[in-house]
Amino acid sequence: MAEIESKGGKKGTPRVDLTPMVDLNLLLITFFMFTTTLSKPTAMEINMPFKKENMDSQSKVKEDAAITILLGADRKLYYYEGLENIEVKQTTFDNDGGIRDVLIDKKKRVRALQANGTLNAGDELTVLIKPDITCTTADVVDLIDEMTINDIKIYSITDITKEDQDFIADYERGSASRPR
Amino acid sequence: MPKLKMPKKSTSIDMTALCDFTLLLLTFFIMSAKFKPQEAVEVVTPSSTSTKEIPMGFIQITVDKLGRVFYTVDNIKLKRNLIEEVNKTKNLGLTETEKNNFVNGPSVGVPFTKLKAYLALPPNEQSRYDKEASGVPTDTTKSFTTNELMYWINTTRYQAQILDMDQPRFVIKVDGQTPYVEETNKVISTLGKLDIYRFSYITNQKPIPPGTALWDKANAAAAGAK
């Protein structure tokens, strides 16, 4: 048997050692894996409100359908409903118990008001986003994305007012003295 | 007891299969590879659930963590016209080489006063210079002298019109850590001053959170497709 084997070995094609080739291939694979951008960047479209003089867009918003969200420092969000008799609350970007739940709840209530006739069908939930000086761009992008996630069609980003900044300051002062 | 005969086996394994397999993987990665485009500055973009691809032929405005603004035009023809126009109106006295450097270079992040010196540098020194560059001067005013970004955008749009191109779309690539009101807003209000209210942010994709309105919508669309 051994004789036959050795004979066959001599007659057959010579074997090439493929180990270096495999090594090289793996090296190249590693290189390409690292240089490839796997997660493709995407584009988030956005429409900014037209800034025209003599146009008071807020007057058209029904008070019951409006919610204002203020973006503060350290990813903190402050929100209040309506345009008068304001009670400011604070929330976060958390998946549970954060701004998303607030928006879903508000949306439900607006729909209920539409059903009982307090609001017209055209008075949809309107979100006013006011970034304070301390917030980062990621906060704004996350909040706009939250509008897409919750299917809120009407929202606008506007400049923060002195009053709104006072709301945040008051809230922070209040929460410091408030018992936990 | 018969004597057990252990067959003599060689320790070398057949590498052919492994070689085939690695080559296959390699081919896949080469085909799918799209090299990271040359960027003037490092920017970590925020995430969103958007799945839209970045529109072609866009004009990119990059804002880094410190609020430095870089202006990037992709279209070579438009770039050529743009630098000719800027050279003429701002009296920069650029040479042919410097203009070519602009057309072939990635982006601009210097004020007009330093543009000639910047474009005279070879490409590898330009990218080094970008690390300390001050960015294109930008503010919230409607003055073409102090708000140079506005000048760039306006000239680009004008040249696109002359070339009979579609009006360029704008994308903003901004770092997540950039202060919004102080830095990002400067670019957005500059666009607003030129009546550009629609633009896109470049973001990383993140998954849609389950149980939300968008989740239902995406599922309904997927069911409809089937």
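Each remark here, short or long, concerns the structure printed above.
Fair warning: this is a prediction, and the values are worked out from it, not measured in the lab. (Residues numbered from 1 in each chain as written. Chains lettered and ligands numbered in written order. Predicted model: local features only at pLDDT ≥ 70, side-chain atom pairs only at ≥ 80, totals over all residues. Heavy atoms only, no water.)

**Quick notes on the interface of chain A and chain B**
Taken together, the contacts link 44 residues of chain A with 53 residues of chain B. When chain A packs against chain B, the two sides together hide about 4,500 Å² of surface, and 64% of this comes from carbon and sulfur. Taking the shortest distance from any N to any O, the salt bridge between Lys-206 of chain B and Asp-142 of chain A comes out at 3.7 Å. Taken together, chain A and chain B are joined by 19 residue pairs in polar contact (both at pLDDT 80 or more). (Contact = heavy atoms within 4.5 Å. Buried area = accessible area lost by both parts, 1.4 Å probe. Salt bridge = Lys/Arg side-chain N within 4 Å of Asp/Glu carboxyl O. Polar contact = N/O pair within 3.5 Å; in protein donor to acceptor, adjacent residues only side chain to side chain.)

**Overview of the pattern of salt bridges**
Should their charged atoms come close, side chains of opposite charge can pair. Considering all chains together, one arrives at 21 salt bridges over all chains under this definition. One salt bridge in this structure joins Arg-75 of chain A and Asp-142 of chain A, with 2.8 Å as the shortest N-O distance. Note that Arg-75 of chain A is positioned in the loop between β2 (66-71) and β3 (77-81) and Asp-142 of chain A in helix α4 (residues 137-149), a separation of 67 residues in sequence. For Arg-75 of chain A, a relative accessible area of 36% gives the class partly exposed. A salt bridge links Lys-186 of chain B to Glu-183 of chain B; the nearest nitrogen and oxygen atoms lie 3.5 Å apart. Placement of both Lys-186 of chain B and Glu-183 of chain B in helix α7 (residues 180-193) is noted, with a separation of three residues, approximately one turn of the helix. Taken together, the salt bridges that share partners define one network made up of Arg-75, Asp-139, Asp-142 and Asp-145 of chain A together with Lys-206 of chain B. (Helix = DSSP H or I, 4+ residues; strand = E, 2+ residues; numbered from the N terminus. Buried < 20%, exposed > 50% of the residue type's maximum accessible area, 1.4 Å probe, protein only.)

**Let's talk about unusual backbone geometry**
All names here are of chain B. One non-glycine residue, Asn-91, lies in positive phi territory at about 50 degrees. Mapped onto the secondary structure, Asn-91 falls in the loop between α2 (76-90) and α3 (96-104). For Asn-91, a relative accessible area of 68% corresponds to the exposed category. Even without glycine at this site, Asp-164 takes up a positive phi of about 65 degrees. By the element assignment, Asp-164 lies in the loop between α6 (148-162) and β4 (170-174). By relative accessible area, which is 71% here, Asp-164 ends up exposed.

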